[in-house]
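Survey of secondary and tertiary structure
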Amino acid sequence: MERFDKQPAMIVHDGQPFNAESPLGQLRQNFLTSKDLFFSRNHGSIPEVNPDGYRLTVDGLVDSPLELSMEDLRGFPKKEVTAVMQCAGNRRDGLIQVAPIPGETPWGAGAIGNARWAGVSLREVLLATGVGDEARHAAFSGLDEVEGADGESFDYGGSIPVEKALGPEVLLAYEMNGEILPLEHGFPLRVVAPGYYGARSVKWLSGITLQEAPSDNYFQTHEYKLFAPGVSAETVEFFEGLMLGEMQVNAVICEPADGASLDAGPVYVRGYAVAGGGRRVERVDVSSDGGRSWVQADLLEGADEPWAWSFWEANLDLPPGEHRVVVRALDSSAGTQPATAAEVWNFKGYANNSWHGVRVMVR
Ligand code: MTE
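Residues numbered from 1 in each chain as written. Predicted model: local features only at pLDDT ≥ 70, side-chain atom pairs only at ≥ 80, totals over all residues. Heavy atoms only, no water.

Considerations on the overall build of the chain
The criterion, for reference: Put simply, DSSP H or I for four residues or longer makes a helix, DSSP E for two residues or longer makes a strand, and each gets a number counted from the N terminus. Should any heavy atoms of two residues lie within 4.5 Å, those residues are considered in contact. Every accessible area reported is derived by Shrake-Rupley at a probe size of 1.4 Å, with residue values counting cover from the shown protein chains alone. Charge counting treats Lys and Arg as positive and Asp and Glu as negative, with His and both chain ends excluded. One atom stands in for each charge, and that atom is NZ of Lys, CZ of Arg, CG of Asp or CD of Glu.
A tally of regular secondary structure across the chain gives six helices and 24 strands. Oriented by its inertia axes, the alpha-carbon framework of the chain measures out at about 70 × 45 × 45 Å. Across the chain, contacts joining residues at least 24 apart in sequence account for 71% of those joining residues at least 6 apart. A total of about 14,900 Å² of accessible surface is found on the chain, and carbon and sulfur atoms cover 49% of it. Across the chain, 29 positive and 51 negative side-chain charges occur, with their mean positions spaced 6 Å apart.

Remarks on the environment of Thr57
Tracing the chain through its elements places Thr57 in strand 4 (residues 56–60). Setting aside its immediate chain neighbours within four residues, Thr57 contacts Leu66, Glu67, Ser206, Gly207 and Ile208.

Remarks on the packing of aromatic side chains
Rule in force here: The criterion for an aromatic pair is that two Phe, Tyr or Trp rings (for Trp, the six-membered ring) have centres within 6.5 Å, with stacked assigned to planes under 30 degrees apart, edge-to-face to planes over 60 apart and tilted to the rest. With a 1.4 Å probe rolled over the protein chains alone, any residue whose accessible area is under 20% of its type maximum counts as buried; one over 50% counts as exposed, and the rest are partly exposed. For a ring to carry a charge above it, either NZ of a lysine or CZ of an arginine must fall within 6 Å of the ring centroid while also lying within 35 degrees of the normal to the ring plane.
Across all of its chains, the model carries 14 aromatic pairs by this definition. Arranged with centres 5.3 Å apart and planes meeting at 85°, the rings of Tyr218 and Phe219 form a pair that is edge-to-face. You can call Tyr218 partly exposed: its relative accessible area is 35%. Three or more aromatic residues joined by ring pairs form one cluster here, namely Phe31, Tyr272, Trp309 and Phe311. We note Arg28 situated over the ring of Phe311; from NZ or CZ to the ring centre the distance is 4.1 Å. In this arrangement the basic side chain of Arg328 is found over the ring face of Trp294, its NZ or CZ atom lying 3.9 Å from the centre.

Regarding the site of the ligand
What counts here: We define proximity as follows: a residue is near a molecule or strand when any one of its heavy atoms falls within 4 Å of that partner. Residues adjacent in sequence count toward polar contacts only when both atoms are side-chain atoms; beyond that, a polar contact is any pair of N or O atoms within 3.5 Å, and within protein one must be able to donate a hydrogen and the other to accept it. Three classes are used: nonpolar for Ala, Val, Leu, Ile, Met, Phe, Trp, Tyr, Cys and Pro, charged for Asp, Glu, Lys and Arg, and polar for all others, with Gly counted as polar.
Near the ligand you find 18 residues, and of these Phe39, Asp144, His185, Arg190 and Lys203 are the closest. Contacts to the ligand include Asp144, whose side-chain N or O atom sits 2.6 Å from a nitrogen atom. His185 is positioned such that a nitrogen or oxygen atom in its side chain is 2.6 Å from an oxygen atom of the ligand. Notes on the ligand: free accessible area 530 Å², of which the protein chains cover 100%. Residue composition of the shell around the ligand, grouped by class: eight nonpolar, six polar and four charged.

Here's the deal with the sheet that holds strand 13 (residues 205–211)
Inclusion rule: We treat two strands as partners when DSSP finds at least two bridges between them. Angles here are taken between N-to-C directions and fall from 0 to 180 degrees, while the axes themselves are lines fitted to C-alpha atoms, restricted in helices to the stretch in contact.
The strand order across the open sheet formed by five strands is 5-4-13-8-9, and the pairing between neighbours is mixed. Sheet topology places strand 5 (66–68) and strand 9 (153–161) at the edges, where each strand pairs with a single neighbour. When strand polarity is set aside, the average angle formed by the axes of neighbouring strands in this sheet is 20°. For strand 8 (residues 137–147) and strand 13, the ladder comprises six bridges, and the chain directions are antiparallel. Across the sheet, residue Ala138 finds its bridge partner in strand 13, namely Leu210.

As for a negative patch on the surface
Stated formally: By definition, no residue in a patch forms a salt bridge, and every one has over 30% relative accessible area; like charges are joined within 9 Å, nonpolar side chains (Val, Leu, Ile, Met, Phe, Trp, Tyr) within 5 Å. For this document, the term salt bridge refers to a Lys or Arg side-chain nitrogen within 4 Å of an Asp or Glu carboxyl oxygen.
On the surface, a cluster of negative charge is contributed by Asp63, Asp133, Glu134 and Glu212. With respect to the helices, strands and loops of the structure, Glu134 is situated in the loop between helix 4 (122–129) and strand 8.

Brief notes about the nonpolar core
Under the convention used in this document: Buried Ala, Val, Leu, Ile, Met, Phe, Trp, Tyr and Cys residues that are joined via side-chain atoms within 4.5 Å together make up what is termed a nonpolar core.
Grouped together as the largest cluster of nonpolar side chains are 69 residues, with contacts concentrated most on Leu56, Trp117, Leu172 and Leu205. Top element by residues in this core is strand 10 (residues 171–176). It accounts for five residues. Among residues more than four places away in sequence, those in contact with Leu56 are Leu66, Glu67, Leu68, Leu73, Leu172, Leu189, Leu205, Ser206, Gly207 and Ile208. Ranked by size, the runner-up nonpolar core spans 23 residues in total, among them Leu262, Val269, Ala275 and Ala329.

So, the sheet that holds strand 22 (residues 310–318)
Strand order in this open sheet of four strands is 16-18-22-21, and the pairing throughout is antiparallel. Single-partner strands in this sheet number two, and they are strand 16 (250–255) and strand 21 (298–299). Taken together, the two bridges between strand 21 and strand 22 define a ladder with antiparallel strand orientation. Looking across to strand 22, one finds that Asp298 is bridged to Glu313.

Dropping the structure here:
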């Protein structure tokens, strides 16, 4: 199986298409997630694109359509953004504990990573083509081939609202952490839509179309939509449901690991927290009694960066016995996390931002 030079400790859910997440202990070691530890989420083939022949088309409701080579794209000013990429399926395992979610990857809390992306500002490209008055959405298509349920094949796509596309933070990225974008992360060019779930950050980007409606690609109309708790695969009406965009506030304990056995005394609890849509992580609370009382964690790197994740740390004094340690974050809109996964269960298993917890045994 092709592992794309990922570290041996990566948790590989599928070989084809390749789907792998980062082990939490390693994920928390570096503020920027290295490429060999960065989760990879794919719905189809990973295309090998010849950068010399590569062209990006920008068309639809624009004043003058463009076809851009990599050389043309590198001619625009280079822009860098540190941004977290999080799959909407991150932490699906917590929802599966509430009720089964058949046919979906059972991601733990490692379908997330934080990188320094560099490329062209999408805004600059759109200002070069001109944005038509009627344009409401920027639809992206990828060069990968996805196989549908009936054996038909189609490309991956998705869209973001034009206001978001014109935000200074959205990139057409050709570098990740100072190196050429790796193959499995979208070489030679991908969208990075900071503050949004990863689904809209289309890899191996082939085209951008400005249009009145959101993308009609399967992954915008049938996947990455949030349905009410009572909706099932049998009863779903796909035109209903929320097209996921902005991430909500979320926090995860990376250390100690679930099930760890610890010596009595001070215990360092460490993890990551994210806030979507350009909001900041304002506060992180940690509880060692399942949420009855809380201590405030220290916010470390990233807390003042709107698009990155924040690292946090709390020091607990735990007496001998078994403890359930839980975390919750608060973002700059005062939004916080629901206590239980049951409150946010949905049949596709997206957007689990309920309190994250680990059980530890103190000797
Ligand atoms: N783009 C294409 N072309 N094909 C895909 O399967 N997966 C999306 C998004 N962009 C996908 C894609 C999803 S669901 C996520 S979470 C992110 O890419 C994952 O990015 P990564 O693999 O670089 O971590």
